[in-house]
Amino acid sequence: MTSYFTRDHEWVRIDGDAAYVGITDYAQSQLGDVVYVELPEVGKTFAKGDDAAVVESVKAASDVYAPVSGVVVAVNGALEKSPAMINDAAETDGWFWKLTLTEPGELDGLLDEAAYRAFVETL
Amino acid sequence: MADSADNLPLETPLADLHRELGARMVPFAGYSMPVQYPKGILAEHNWTRESAGLFDVSHMGQAFLVGPDHATTARALEALTPGDFQALAPGRIRYTLLTTPEGGIIDDLMVTRSADPSEDGTLTLVVNAGRKAIDYAHIAANLPEGITLEPADDLALVALQGPKAAEVMARHCPDAAAMGFMTAARLAFDGFDCHVSRSGYTGEDGYEISVKADDSEALVRILLAEPEVEPIGLGARDSLRLEAGLCLYGHDIDEATSPVEADLGFALAKRRRAEGGFPGAGRILGELAAGPARLRVGIQPEGRAPAREGTEIRDASGTTIGIVTSGGFGPTAGGPVAMGYVAAEHAALGTPLTLVVRGKDLAASVVAMPFVPHRYFRKQA
């Protein structure tokens, strides 16, 4: 499956006409231990760049932006019980929400995996 | 001092060691300080509660107030604080407050009377890093003839905190083990000349060790070589003190909050309450008699969402009644914890509160602090 990334450290993994969204391993390492996550409501529509979720470490709360526009069709409820899953598996089991893409063309403006990893190297 | 003109962060004598240990350094009160080490805030917090955590607090201000004899120096400090320092016994420590003429708090600080008779007339002050320059100027400007304030810029300060701190100290500084909480002594730690206090700001038993800056790295390496000891950053220091219900200057207390509002009545000595004669006594004694308009309280949010500093507090009818001044996740408490100010009529234990977090109402209630019981060492008589 193809994955795309943002410079705000979100990832989008394409799954047919839907996509999973999460934060990158670099993002979780910068946040530190995640103790709380606020997920969007199923059915909610986001435009690219909207505040979509909140992830909180011991120290601070951080917004997670919608990396692409779409309608939320599922959320990863397991994160609410086990927010540390975001630290352990940020780019796999630690996905935040699944959406149907309303503007698939937006993917062209995101980074591919190699470009994102190279970007992180510069930070 | 903290106000470097070129805005380059200052460093403590342990900065190189922090980097060697893999610390993430952040700016704090003009210093570059470790916010966490590779194990992370949660692990560091829990390690301190279960074993012994080592904190670099060398950014804090250490200064000596020097006069001809104890009574004279004590009276000079009493002119600036509501504490009873004339009654402070040798080798004892008191928490006190520098107050403004309006009854606000310039800083909170620890004051120690030396146990050594040859140092009679000297009180040691430990003040907040971010308030050093303000405190020192304020104190110096208000001292009588013959009393001087001498900042000790050549000293480091480290804290060893946690239930295993005493057994670790016993190996290197045997006399430390028998010290009572809030006492201090000049002791040798493996040959290093140290001023050791049994005190701290985590709610746990522990020590603060003042040592020459040049000796500090060697001393800290000895402590870190002990299996019970791990280095702990400012992140865990904050979650530990919040669970312990302790105020952080600039957040929970400032020049607008009075000691009575801040529920720091224990720092208002009995004799000083009766006599007055400290800055802000009018407001402070008035609030003691009539009750303050607002009060610092513990706040227990329901659910899992932390309520951070600045969160608005409302009553059941939606009226704003206060603000959260410290809030976050308490690792030992196992959930969100907070403190803040509410209008006095809403300060009773159990009072329901509404916290406005990201535009949503979050149910909470007023609870007793600390959130995690203090485990200070009380010497048996």
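Before reading on, note that the structure itself is shown above.
Residues numbered from 1 in each chain as written. Chains lettered and ligands numbered in written order. Predicted model: local features only at pLDDT ≥ 70, side-chain atom pairs only at ≥ 80, totals over all residues. Heavy atoms only, no water.

A. Spatial organisation of the sheet that holds strand β19 (residues 360-367) of chain B. Residues and elements named next belong to chain B. Around the barrel, which closes on itself, the 6 strands sit in the order β14-β17-β16-β15-β18-β19 with antiparallel pairing between neighbours. Pairs of neighbouring strands in the sheet enclose a mean axial angle of 40°, with direction left out of account. With 6 bridges connecting them, strand β18 (residues 352-357) and β19 associate as antiparallel partners. Counted as the bridge partner of proline 352 is serine 365 from β19. Against the sheet, helix α7 (residues 234-243) contacts β16 (320-330) and β17 (335-343), and its axis sits at roughly 125° relative to β16. (Pairing = 2+ DSSP bridges. Helix = DSSP H or I, 4+ residues; strand = E, 2+ residues; numbered from the N terminus. Axes fitted to C-alpha atoms, helices over the stretch in contact; angles between N-to-C directions. Contact = heavy atoms within 4.5 Å.)

B. Up close: unusual backbone geometry. Residues and elements named next belong to chain B. Looking along the chain, the bond that leaves methionine 369 and enters proline 370 is cis, with omega of 5°. Following the sequence through the fold, proline 370 ends up in the segment after β19. Unusually for a residue other than glycine, methionine 182 sits at a positive phi of about 65°. Overall, methionine 182 belongs to the buried group, its relative accessible area being 17%. Although it is not a glycine, aspartate 190 sits at a positive phi angle of roughly 45°. On the secondary structure map, aspartate 190 appears in the loop between β10 (184-189) and β11 (192-197). (Buried < 20%, exposed > 50% of the residue type's maximum accessible area, 1.4 Å probe, protein only.)

C. Up close: the interface of chain B and chain A. Taken together, the contact between chain B and chain A spans 15 residues of the former and 13 residues of the latter. Buried area between chain B and chain A, summed over both chains or domains, comes out near 1,300 Å², and the portion from carbon and sulfur atoms is 51%. Looking at the side of chain B facing chain A, the largest losses of area belong to B:Arg24, B:Arg308 and B:Arg358, adding up to 41% of the total buried there. Linking chain B with chain A are 4 salt bridges, by the criterion used here. Linking B:Arg358 and A:Glu38 is a salt bridge whose minimum nitrogen-to-oxygen distance equals 3.0 Å. There are 10 residue pairs in polar contact (both at pLDDT 80 or more) connecting chain B and chain A. Within the residue set of the side of chain B that touches chain A, elements represented by two or more residues are α2 (41-50) and α7 of chain B. Tallying contributions element by element places α2(B) first for the side of chain B that touches chain A, with 3 residues. Class assignment for the residues of the side of chain B that touches chain A results in 7 nonpolar, 3 polar and 5 charged. (Buried area = accessible area lost by both parts, 1.4 Å probe. Salt bridge = Lys/Arg side-chain N within 4 Å of Asp/Glu carboxyl O. Polar contact = N/O pair within 3.5 Å; in protein donor to acceptor, adjacent residues only side chain to side chain. Nonpolar A, V, L, I, M, F, W, Y, C, P; charged D, E, K, R; others polar.)

D. Focus on the sheet that holds strand β9 (residues 97-101) of chain A. With antiparallel pairing, the 6 strands of this open sheet are ordered in space as β1-β2-β3-β9-β8-β5 (chain A). Edge positions in the sheet fall to β1 (3-5) and β5 (45-46) of chain A, since each of these pairs with one other strand and no more.

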